[in-house]
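Take a look at the letters that make up each chain.
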Amino acid sequence: MNKNIREIYFSPSGRTRKLSQIFVGNFKGDIKTFDFLLKEEVKEQNLGKEELLVVTMPVYAGRIPEICISKLKKFKGNDTPAIALVAYGNREYDDALLELTDILKEQGFKILGAAAFITRHSIFPEVANNRPDEKDEIKLKDFANKCKNKLESLEFNELKIKGNRPYKDENKKALMPTGDDLCINCGNCVKICPVEAISIENPKETNESKCINCTACIYNCPTGSRNYHMEQYNMAYEKFKTDNAERKEPEIFI
Ligand SMILES: Cc1cc2nc3c(=O)[nH]c(=O)nc-3n(C[C@H](O)[C@H](O)[C@H](O)COP(=O)(O)O)c2cc1C
Ligand code: SF4
Ligand code: SF4
């Protein structure tokens, strides 16, 4: 079945985008992508029954990133089918998938399927470093096939998504990237930062009150200047690696 697909992702370090692209690649039809990392304003979008919305969000402290919520609310469905995916770094996704499906339902979408997949941890990149991998791709394909079958049968069941309400309280941010002497003033980090926490006058500094610790500046810095130059990072990294060494597997709700 061909559908007009509306693909949404927010992907500061690139793995949420990768997950979304692998998944959406299993569908036929015209694809329009909305990249929430871009600073441009999202205009109100009204979607019909003939369209399919696929939203993939990274998990931040067990929730979906707060800056994505107002953008998501620009999308209005008219019983439009939607698929919700979350990408998380092998710790837990807590209430993120429930939060995402709740928002989509509130916006007039019907949840066709939902899933949580594991992707490299952008803050501690040795954790789940090669995810999504081949095994994940097979599971994504299987999930896509199940969604397609359900779309054809037009039978939408109420899904019981893992998570709790009220949602988990977001953690207070403890880490924040800055630049060091490797900086060549290229301006990449200034352009990519979604909350304008870095100024071109001094790209080594970060505005602490604005930074959401999304890691986009780290992954877009050509010299490795932007990183976690703080003592507590190395200790937190070692602990996180030990606590989250065991491979987690994707969970699918359909
Ligand atoms: C601020 C922040 C908070 C995160 N919180 C969690 C979390 O609660 N659980 C988890 O397993 N991974 C967590 N991660 C890891 C991301 O969910 C994961 O790395 C995801 O792939 C990031 O998406 P991206 O590669 O598209 O930037 C967090 C990452 C960031 C930057
Ligand atoms: S300064 Fe903070 S918010 Fe801006 S790109 Fe870097 S990590 Fe993200
Ligand atoms: S991306 Fe890196 S090198 Fe370029 S301005 Fe920012 S800190 Fe400097």
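Everything numeric in this text was worked out from a predicted model, so none of it was measured.

A look at the sheet that holds strand 1 (residues 4-9)
And then number 1: Pairing within the open sheet is mixed, and its six strands lie in the order 2-1-4-6-7-8. With partners counted over all chains shown, the strands left at the sheet margins are strand 2 (31-35) and strand 8 (251-253), one partner each. Taking the axes of each pair of neighbouring strands and ignoring which way they run, one obtains an average angle of 15° across the sheet.
And then number 2: In terms of strand pairing, strand 7 (residues 109-118) meets strand 8 through three bridges, oriented antiparallel. When the bridges of strand 8 are listed, Ala 116 appears paired with Glu 251.
And then number 3: Against the sheet, helix 1 (residues 15-24) engages strand 1, strand 2, strand 4 (51-58), strand 6 (80-88) and strand 7, with an angle of about 165° to strand 1.
And then number 4: Along the sheet, helix 3 (residues 96-106) makes contact with strand 4, strand 6, strand 7 and strand 8, crossing strand 6 at roughly 155°.

With respect to the site of ligand 1
And then number 1: Surrounding ligand 1, one finds 23 residues, the nearest of these being Ser 11, Ser 13, Thr 16, Thr 119 and Arg 120.
And then number 2: Thr 119 is positioned with one of its side-chain polar atoms (N or O) 2.6 Å from an oxygen atom of ligand 1.
And then number 3: In this structure, His 121 approaches ligand 1 through a side-chain N or O atom, which is 3.2 Å from a nitrogen atom.
And then number 4: For ligand 1, whose free accessible area comes to 630 Å², the fraction covered by protein is 95%.
And then number 5: When residues of the shell around ligand 1 are traced back to their parent elements, those giving at least two are helix 1 and strand 6.

A few points about the packing of aromatic side chains
And then number 1: One pass over the full model with this rule turns up eleven aromatic pairs.
And then number 2: Consider the rings of Tyr 88 and Tyr 93, whose centres lie 5.4 Å apart with planes at 55°: the pair is tilted.
And then number 3: Residue Tyr 88 is classed as buried on the basis of its relative accessible area, which comes to 2%.
And then number 4: Using a relative accessible area of 0% as the deciding quantity, one classes Tyr 93 as buried.
And then number 5: Among the aromatic residues, ring-to-ring pairing joins Phe 124, Tyr 228, Tyr 233, Tyr 237 and Phe 240 into one connected group.
And then number 6: Here Lys 110 stacks its cationic end above the ring of Phe 156, 5.2 Å away from the centre of that ring.
And then number 7: Taking NZ or CZ as reference, Lys 148 lies 5.6 Å from the ring centre of Phe 27, over its face.

Here's the deal with the side chain of Asn 244
And then number 1: Here Asn 244 is to be found in the loop between helix 7 (231-243) and strand 8.
And then number 2: Discounting chain neighbours no more than four positions away, the residues touching Asn 244 are Asn 90, Arg 91 and Val 127.

Things to note about the layout of surface pockets
And then number 1: Volume-wise, the largest pocket comes out at about 1,100 Å³.
And then number 2: Lining the largest pocket are 43 residues, with Tyr 60, Ala 61, Ile 123, Ile 212 and Asn 213 positioned closest to its centre.
And then number 3: Those elements that provide at least two residues to the lining of the largest pocket are helix 1, helix 2 (66-72), strand 6 and helix 7.
And then number 4: Counted by class, the lining of the largest pocket contains 18 nonpolar, 14 polar and eleven charged residues.
And then number 5: Three or more residues apiece are contributed to the lining of the largest pocket by two domains, here domain 1 (4-166 + 249-253) and domain 2 (188-229).

Thoughts on the domain arrangement of the protein
Interface size is commonly expressed as the accessible surface area that is lost when the partners come together.
And then number 1: Its domain assignment divides the protein into domain 1 (4-166 + 249-253) and domain 2 (188-229).
And then number 2: Spacing between the C-alpha centres of domain 1 and domain 2 amounts to 26 Å.
And then number 3: Facing twelve residues of domain 1, the contacting portion of domain 2 comprises 15 residues.
And then number 4: It is Leu 37, Lys 39 and Ile 123 that lose the most area in domain 1 upon contact with domain 2, and together they represent 47% of the buried surface on that side.
And then number 5: Along the contact surface separating domain 1 from domain 2 lie zero salt bridges.
And then number 6: Linking domain 1 with domain 2 are four residue pairs in polar contact (both at pLDDT 80 or more).
And then number 7: The class makeup of the residues in the side of domain 1 that touches domain 2 is seven nonpolar, three polar and two charged.

The rules behind the values
Residues numbered from 1 in each chain as written. Chains lettered and ligands numbered in written order. Predicted model: local features only at pLDDT ≥ 70, side-chain atom pairs only at ≥ 80, totals over all residues. Heavy atoms only, no water. Pairing = 2+ DSSP bridges. Helix = DSSP H or I, 4+ residues; strand = E, 2+ residues; numbered from the N terminus. Axes fitted to C-alpha atoms, helices over the stretch in contact; angles between N-to-C directions. Contact = heavy atoms within 4.5 Å. Near = heavy atom within 4 Å. Polar contact = N/O pair within 3.5 Å; in protein donor to acceptor, adjacent residues only side chain to side chain. Areas by Shrake-Rupley, 256 points an atom, 1.4 Å probe, with all protein chains shown as cover. Phe/Tyr/Trp six-rings, centres within 6.5 Å; stacked < 30°, edge-to-face > 60°. Buried < 20%, exposed > 50% of the residue type's maximum accessible area, 1.4 Å probe, protein only. Lys NZ or Arg CZ within 6 Å of the ring centre and 35° of its normal. 1 Å grid on protein atoms, 1.4 Å probe; cavity = no way out; pocket = protein on both sides within 12 Å on 5 of 7 lines; lining within 4 Å. Points joined across faces, edges and corners; volume = space filled by probe spheres on them. Nonpolar A, V, L, I, M, F, W, Y, C, P; charged D, E, K, R; others polar. Domains from an automatic or database assignment. Buried area = accessible area lost by both parts, 1.4 Å probe. Salt bridge = Lys/Arg side-chain N within 4 Å of Asp/Glu carboxyl O.

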